[in-house]
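Observations on the model geometry
Single-letter residue listing:
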Amino acid sequence: MALQSVLRPHQIDGAHKMHTILQQEGGVLLSDALGLGKTRQVIALLALLDFTRAVILVPASVLPHWKNEFELMHGDERHDGKVHFYHRSIDGTTVPECTRLIVVTTTQTFENNSLHTEHWDVVVVDEATSIKNPKTTISMRLKSMKPVYRVLITGTPSQNNLNEIHSLFEFIAPEMLGPKDLFDKQFSVPVKLGTRRDASEVQRTEASRIINTLQRMISPLIVRRTLAKPVSKREMVVWCKQEPLEQDIYSALKSKKNNDHELRSILNGTATKVMDGHLSGKQKILQEMILRFVQTDLESVAVFVQRIDLMIWIVKTMESKGITVGVIHGSVSASKRQNVIDDFNADRIQLLVATTRSSATGINLTSCAHLIIAEVDWNASVDDQAAARSFRLSSTVNTTVYRLITSDTIEQKIYDVQLQKTTANQALMKGITEPISSEDKAMRVVDWPSWTPNSTTSSHDSIVAKLSLDEQEYRDFCHQYKLQKHTREQISKKAEKNSAFATRILLKRFITQSETGVSTRAVVDFHKVLFEKHR
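Residues numbered from 1 in each chain as written. Predicted model: local features only at pLDDT ≥ 70, side-chain atom pairs only at ≥ 80, totals over all residues. Heavy atoms only, no water.

Turning next to the pairing of strand E6 (residues 122–126). The buried fraction of E6 is high, at 5 of 5 residues. Burial along E6 is two-sided: Val 122, Val 124 and Asp 126 and Val 123 and Val 125, pointing in opposite directions, are all buried. Bridge count for strand E3 (residues 53–58) against E6 is 4 bridges, and the pairing is parallel. Paired with Leu 57 across the bridge in E6 is Val 125. Bridge count between E6 and strand E7 (residues 149–153): 5 bridges; the pairing is parallel. (Buried < 20%, exposed > 50% of the residue type's maximum accessible area, 1.4 Å probe, protein only. Helix = DSSP H or I, 4+ residues; strand = E, 2+ residues; numbered from the N terminus. Pairing = 2+ DSSP bridges.)

Here 7 strands make up an open sheet; going across it, the order is E4-E5-E3-E6-E7-E2-E8 and the pairing parallel. Looking at strand neighbours, the two that pair on one side only are strand E4 (83–86) and strand E8 (222–223), the edges of this open sheet. Docked against the sheet, helix H1 (residues 9–25) engages strand E2 (27–30), E7 and E8, running at close to 150 degrees with respect to E2. (Contact = heavy atoms within 4.5 Å. Axes fitted to C-alpha atoms, helices over the stretch in contact; angles between N-to-C directions.)

What follows covers the confidence of the model for the protein chain. Segments scoring low in pLDDT should not have their predicted coordinates read at a detailed level. Here the protein chain averages 75 in pLDDT, while 71% of its residues score no lower than 70. Contacts of residues 481–486 to residues separated by more than four positions or lying in other chains number 12 contacts, the stretch itself having pLDDT below 50. Taken as a whole, residues 508–535 scores under 50 in pLDDT and shows 54 contacts with residues more than four places along the chain or in a different chain. (pLDDT = per-residue confidence, 0-100.)

Moving on to the environment of Arg 216. Mapped onto the elements, Arg 216 comes out in helix H8 (residues 201–218). Residues Arg 216 and Ile 432, 216 residues apart in the sequence, show an inter-C-alpha distance of 8.5 Å.

Three- or four-residue spacings in an α-helix give side chains the same orientation, since the helix completes a turn every 3.6 residues. Across its 18 residues, H8 extends 26 Å between first and last C-alpha, which sits within 8% of the 26 Å expected from 1.5 Å per residue. Looking only at H8, the buried set comprises Ala 207, Ile 210, Ile 211, Leu 214, Gln 215 and Ile 218. One side of H8 holds all its buried residues, which, seen down the axis, span an arc of 145 degrees. Among the exposed residues of H8, those oriented more than 90 degrees off its buried face are Glu 201, Val 202 and Arg 216. (Expected span 1.5 Å × (residues − 1). Arc of directions from axis to C-beta.)

To continue, consider the pattern of salt bridges. This structure, assessed with the given rule, holds 14 salt bridges. The partner of Asp 32 in a salt bridge is Arg 225, and the shortest N-O contact between them spans 2.7 Å. Of this pair, Asp 32 sits in the loop between E2 and helix H2 (38–48) while Arg 225 sits in strand E9 (residues 225–227), and the two are 193 residues apart along the sequence. On the basis of relative accessibility, which here comes to 1%, the residue Arg 225 falls in the buried class. Of the charged contacts, one joins Asp 343 and Arg 348 as a salt bridge, the two residues approaching to 2.8 Å between their closest N and O atoms. Take Asp 343: its relative accessible area is 25%, and that puts it in the partly exposed class. Owing to a relative accessible area of 54%, Arg 348 belongs among the exposed residues under this scheme. Members of the salt-bridge network, linked through shared partners, are Asp 13, Lys 17, Asp 32 and Arg 225. (Salt bridge = Lys/Arg side-chain N within 4 Å of Asp/Glu carboxyl O.)

Turning our attention to the nonpolar core. Grouped together as the largest cluster of nonpolar side chains are 71 residues, with contacts concentrated most on Trp 66, Phe 70, Val 104, Leu 142 and Phe 169. With 6 residues, H2 is the single largest residue contributor to this core. Core analysis: the next-biggest nonpolar cluster, separate from the first, contains 25 residues, Val 305, Leu 310, Ile 323 and Val 325 among them. (Core = buried A, V, L, I, M, F, W, Y, C linked by side-chain atoms within 4.5 Å.)

This part takes up the packing of helix H9 (residues 244–256) against helix H10 (residues 260–268). Packing of H9 against H10 leaves a shortest axis separation of 10 Å and a crossing angle of 175 degrees. By the angle between their axes, H9 is roughly antiparallel relative to H10. From H9, Glu 246, Ile 249, Tyr 250, Leu 253 and Lys 254 reach across to H10, where they touch Glu 262, Leu 263, Ile 266 and Leu 267. Here the residues of the contact of H9 with H10 are counted per class, giving 6 nonpolar, no polar and 3 charged. (Parallel < 35°, antiparallel > 145°, perpendicular 65-115°, else oblique. Nonpolar A, V, L, I, M, F, W, Y, C, P; charged D, E, K, R; others polar.)

Across the 5 residues that make up strand E13 (residues 351–355), a large majority, 5, are buried. Neither face of E13 is open: one carries Leu 351, Val 353 and Thr 355, the other Leu 352 and Ala 354, and all of them are buried. Of the strand pairs in this sheet, strand E11 (residues 301–305) and E13 are connected by 5 bridges, and their pairing is parallel. Each bridged residue has a counterpart across the sheet, and for Val 303 the counterpart in E13 is Val 353. Both strand E12 (residues 325–328) and E13 contribute to a ladder of 4 bridges, which runs parallel. Note that in E13 the partner of Ile 328 across the bridge is Ala 354.

Between two packed helices, what matters for the description is the angle formed by their axes and the separation of those axes. Put simply, helix H5 (residues 137–144) and helix H6 (residues 163–172) touch, their axes get as near as 8 Å, and they point 35 degrees apart. Residues Ser 139, Leu 142 and Lys 143 of H5 form the contact with H6, whose own contacting residues are Ser 167, Glu 170 and Phe 171. Here the contact of H5 with H6 is composed, by residue class, of 2 nonpolar, 2 polar and 2 charged.

What follows concerns the packing of aromatic side chains. Following the criterion strictly, the structure yields 5 aromatic pairs and no others. Here Trp 66 and Phe 70 contribute two aromatic rings whose centre-to-centre distance is 6.2 Å and whose plane-to-plane angle is 35 degrees, an arrangement assigned as tilted. Here the residue Trp 66 and the residue Phe 70 both occupy positions in helix H3 (residues 63–74), the gap between them amounting to 4 residues, near one helical turn. Each member of the pair Trp 66 and Phe 70 is classed as buried. (Phe/Tyr/Trp six-rings, centres within 6.5 Å; stacked < 30°, edge-to-face > 60°.)

To continue, consider unusual backbone geometry. In this model, Glu 127 sits at a positive phi of 50 degrees, which is unusual for a non-glycine residue. At Glu 175, a residue that is not glycine, the phi angle is positive and equals roughly 75 degrees. Within the secondary structure layout, Glu 175 lies in the loop between H6 and helix H7 (180–194).

Under the 1.5 Å per step criterion, the end-to-end length of H9 is 19 Å for 13 residues, consistent within 8% with the ideal 18 Å. Among the residues of H9, Glu 246, Ile 249, Tyr 250 and Leu 253 are the ones counted as buried. Down the axis of H9, the buried set is contained in an arc of 100 degrees. They therefore lie on one face. Turned more than 90 degrees off the buried face of H9, the exposed positions are Pro 244, Asp 248 and Ser 255.

Turning to its location among the elements, Arg 337 is positioned in helix H14 (residues 334–345). It turns out Arg 337 is buried and unbridged, and the closest side chain with the opposite charge, Glu 127, is 12 Å from it. Those residues in contact with Arg 337, other than ones at most four positions away along the chain, are Ser 61, Ile 328, His 329, Gly 330, Val 332 and Ser 358. (Lys, Arg positive; Asp, Glu negative; His and termini not counted.)

Below, the structure written as structure tokens:
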């Protein structure tokens, strides 16, 4: 597959790093900071890999983005049967057979159709939030698959706790972090205790030690870079004061029952039955901010909300003031969503209102001057991802992010929880992150070599030669771990028809399934000697 792509230097480097890790380990986590072009790096990676069938699972919101990137990097090749896109339902369409197939589809489509029952050489999961919970159907189905290469994409590997790291690595490196109950005991619980505000010095020291240990374990399978000098940005918290009526209603409701939804409806001013048309303190500040930014400063504004009722109030209020508004929420189709984003970036829309969870991934707001998070989320990473929509290398303006929080309410409690969660997550990823220069933004046109069946792995003859060159070493290894004769014969027979990497996978499978009890680490160590010395 001839691939001409326009890539930045760090994207070229990222594709090659992932390729190297996949050849050695079979799984990789791409966790570059938001805005560094993870999609483009994965497309470049696919050009380097040797495979027949690959599937890429993406949120519905980013499917148009993947289409655009494939068209940019592959040109007309997307239309000749090599790359196919499916959204929501395949409608009876069968996945075509060809020598090198790439299917890009939504996670929901993959889960609801028969795609998960087919064999895939490469499985890529974009925005890997879908498998952070090991109990979800999609998570269990993906982890039951046996692809040769496994790729996860997420800028926030751990959002709430370290159990999410364990779930991700169950996919890209099964068994590496051990059983979940043991991982909880050795990692999750001590770190949670050590990052609490009331943690003792001993607990803090132990948490730091454990985080360093986990960093060393997972870092070989992670590619993570961030800008040494981040894109210019400002972030601030806007503390809102409750109105007298609002405060009375809120206090009365809180004393009876502490219902998150109802309490936050009071703060949003959308509990119409009790607010009786009166605006809350947050509504007044939000309205004042939008009108000033759009009408006085003539700058574009994006507002992220969690609840549709607040979105409806913003849209009606601002349209009545003559402001053009674009809306994105879970019911907006992928194509319409992209049209709204394009209009906003082209300044045809003055105000964009979007729900946080349906839009916090996969949209690029390159001309957004002000981004307002009107409702904070219990999960700090959701808000961070929403804020990052405007911090891209391609941004044309400097963005200011505002978090609206009503003081002395449940929103302040949520913000305190966010800060606590962020402490452990930042500590874990800090030791893995590699800074890259933001000064070299020049694009490079890269002419990738044409793909051939054996361009990136050993041919039949070369793999046999490698095994014969290390015959004595191979026998010594088998003798050391007392491998049974039939196991050795099976391995050698399979090796004659497979690449070096596939042979390592086969050897690992045979040994771990045999009665010899050879450790996976011993197998990996052996293959690093056997195959890498003749690369």
